Amino acid sequence: MHDEVMQPSPGPAVTGRTGASRPRWWPRFRSPLRSTAVTARLGRALGICFAVCFVTGMLSHYQYQPWSWLPVPASPVQAYRVTQGLHVATGVAAIPLLLVKLWSVYPNLFRWPPIRSMKHALERLSVFVLVASALVQLTTGFLNTLNWYPWPWSFPSTHRYLGYVLIGSVLLHIALKLPDIKYGLQARLGDADVLTEVPWNENPLAHSNAGTVPPPIMPAMDRRGLFVAVGSGIAAVVLTTIGQTVTPLARIGLLATREASKGPQGVPVNKTARSARVLTLATAEDWRLEVTGPAPFTLTLDELESMRSVSEHFPLSCVEGWSVGAEWRGIPVIDLVRRAGGDASSRVEVFSLQPNGYNHSMLVGPQVGAALLATHLNGERINLDHGYPVRLIAPNRPGVLNTKWLRRIEVT
Amino acid sequence: MREYRIALGVAGGLLLTFGVFRLVTELDAGDLLVLLVWLIAAVALHDGLIAPITVGTGIALAAVPARGRRYLQGALLVGALITVIAIPLIGRKGTQPESKAILLRDYTANLALLLGMTAAVALALYALRVLREQEPAGAPPVQDETD
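Residues numbered from 1 in each chain as written. Chains lettered and ligands numbered in written order. Predicted model: local features only at pLDDT ≥ 70, side-chain atom pairs only at ≥ 80, totals over all residues. Heavy atoms only, no water.

## So, the interface of chain A and chain B
Taken together, the contacts link 82 residues of chain A with 66 residues of chain B. When chain A packs against chain B, close to 6,500 Å² is buried across both sides, 74% of that on carbon and sulfur atoms. Where chain A touches chain B, the interface holds 1 salt bridge. Of the charged contacts in the structure, one is a salt bridge between B:R105 and A:E259, with a shortest N-O distance of 3.7 Å. Connecting chain A to chain B are 18 residue pairs in polar contact (both at pLDDT 80 or more). Looking at the side of chain A that touches chain B, the elements that each hand over two or more residues are α3 (79-105), α4 (118-145), α5 (155-186) and α6 (223-241) of chain A. Here the element with the most residues in the side of chain A that touches chain B is α5(A); it accounts for 17 residues. Of the residues in the side of chain A that touches chain B, the class split is 54 nonpolar, 18 polar and 10 charged. (Contact = heavy atoms within 4.5 Å. Buried area = accessible area lost by both parts, 1.4 Å probe. Salt bridge = Lys/Arg side-chain N within 4 Å of Asp/Glu carboxyl O. Polar contact = N/O pair within 3.5 Å; in protein donor to acceptor, adjacent residues only side chain to side chain. Helix = DSSP H or I, 4+ residues; strand = E, 2+ residues; numbered from the N terminus. Nonpolar A, V, L, I, M, F, W, Y, C, P; charged D, E, K, R; others polar.)

Shown next, in the form of structure tokens:
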């Protein structure tokens, strides 16, 4: 970023076939800020971010498609709120971090000759896959949190497959660069090599291992200053966006996407009753809740509302990384399951009036005993956009799986 | 180190192959083509536009006197990293139904505020440095390791 001199270097001539034979107009990079030591430290931070994103992303996928032998636990209640909040926050933080990491290795794009051998070509291809998948994964992930989908493919599955591509490329990259990483992390920031377009082993000026090289002179910003600036920028981004899930920081959420307090009944809505096309169905006089199972039965709204209800504090945690704690009041699902002839070990599927989209979901294992059919939210009768007349709410569960506008419950 | 490299390389290669295999088999041809365009365009946009702008800014900054340059560099860097996140928010503001409680803030004003704060901090640090360098005679001159 800084102090580039894209002219022939005034220092001693670069030796080796690669340096000598490149065209005179070929770009040259001289910023002493760039160093294997800088790149390795940035890479370590970015690698940790990608690992966190991958693991939390897989946990989220597991929420949507759990294995039958390992049902999703009902506690900790806030688990999905934490893992998915972390997933999105880490992904957002990784965007500026990735840009700085790419800045730090930009000279490597201008290695001469561009391709030396088959092995070199494959190595460059693997870097292309890494950079392309990282840029696209982070960009599309971020745009998804803005409910912005300027692409034709289904986001969840493509995001997941691209996640495999990205984490695989990262591991491959670490394998290829391990000697450089080892040198970079061991070297002191101030006197490590200067990373230029000439590989260190061909550039006696650029690599401390080539002998005793005086520390590079940094007339303006130095490498520690670079990390202070990058850290400050990323901290600013994280602190001003994370208020969408860490409620106490909502007040400084200058760049936060969701504002829970502005949502109806204190909770944002993702699918409105209008866009789900349930306005008339959900308010119809003849609405009934049908419960199927060994002993099927049907409830009118009055009958449902006269059943035993309990209050629970469950968060609504969206896959998009926002979440909010709320007080829900409703009928324990297990009461209806028992009445239909099932028990805590039953599989329960709930169906919405919504004609398409995420219009049904499955409760298995511990979630059956913990879930509510919510009729009240934060002390008020639940409104249409939140799923009137009745919706599902369960702990440790992605928002969209808390199916709204229920019409049928199947107990098997 | 060799064993680690082989283990990492094999694991990475397998995950990468699995991901590519799933993409190729699960996406239909049209979507796959658009994804390919996205992947190439992302790299082209970064390597061909974003990075050269950054490098060009660095070259232009070389004209700024060294004493103040680090603060200008720092402010520009912090500002750029914040702006990258703010731009999509500005572009997307107010496009969604009200009950979603999404993208309601004035992100342009908020970005201006953050950039203003960044500039103020950089200026304050610069002023502090100038003041320190003007300490009364007799006091030892402030040594700067990096200049």
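## Points about the state of the cysteines
Residue and element names in this part refer to chain A. Taken as a whole, this structure holds 0 disulfides over all chains when the rule is applied. C53 takes part in no disulfide bond, and the closest cysteine sulfur to it belongs to C49, at a distance of 6.7 Å. Residue C53 is classed as buried on the basis of its relative accessible area of 13%. Its sulfur unpaired, C318 is 16 Å from the next cysteine sulfur, which belongs to C53. Using a relative accessible area of 8% as the deciding quantity, one classes C318 as buried. (Disulfide = S-S within 2.5 Å. Buried < 20%, exposed > 50% of the residue type's maximum accessible area, 1.4 Å probe, protein only.)

## Things to note about empty space enclosed by the protein
Residues and elements named next belong to chain A. Tallying each qualifying case throughout the model produces 3 cavities of 30 Å³ or more. Looking at the largest cavity, it is lined by 15 residues, and the ones nearest its centre are V88, V92, T241, I242 and Q244. Residue assignment for the lining of the largest cavity shows that the elements contributing at least two residues are α3 and α4. At 4 residues, the largest contribution of residues to the lining of the largest cavity is made by α3. For the lining of the largest cavity, the class distribution of residues is 8 nonpolar, 7 polar and no charged. (1 Å grid on protein atoms, 1.4 Å probe; cavity = no way out; pocket = protein on both sides within 12 Å on 5 of 7 lines; lining within 4 Å. Points joined across faces, edges and corners; volume = space filled by probe spheres on them.)

## Focus: the packing of helix α2 (residues 36-64) of chain A against α5(A)
Residues and elements named next belong to chain A. Between α2 and α5, whose axes approach to 10 Å, the crossing angle comes to 155 degrees. In terms of axis orientation, α2 runs roughly antiparallel to α5. Between α2 and α5 lies a crossing of left-handed hand. Between α2 and α5, the contacting residues are T36, A37, A40, R41, R44, F50, A51, F54, M58 and H61 on the first element and R160, G163, Y164, L166, I167, V170, D180, I181, Y183, G184 and L185 on the second. Across the contact of α2 with α5, the residue classes tally to 13 nonpolar, 4 polar and 4 charged. (Axes fitted to C-alpha atoms, helices over the stretch in contact; angles between N-to-C directions. Parallel < 35°, antiparallel > 145°, perpendicular 65-115°, else oblique. Left-handed = near helix turned anticlockwise from the far one by under 90°.)

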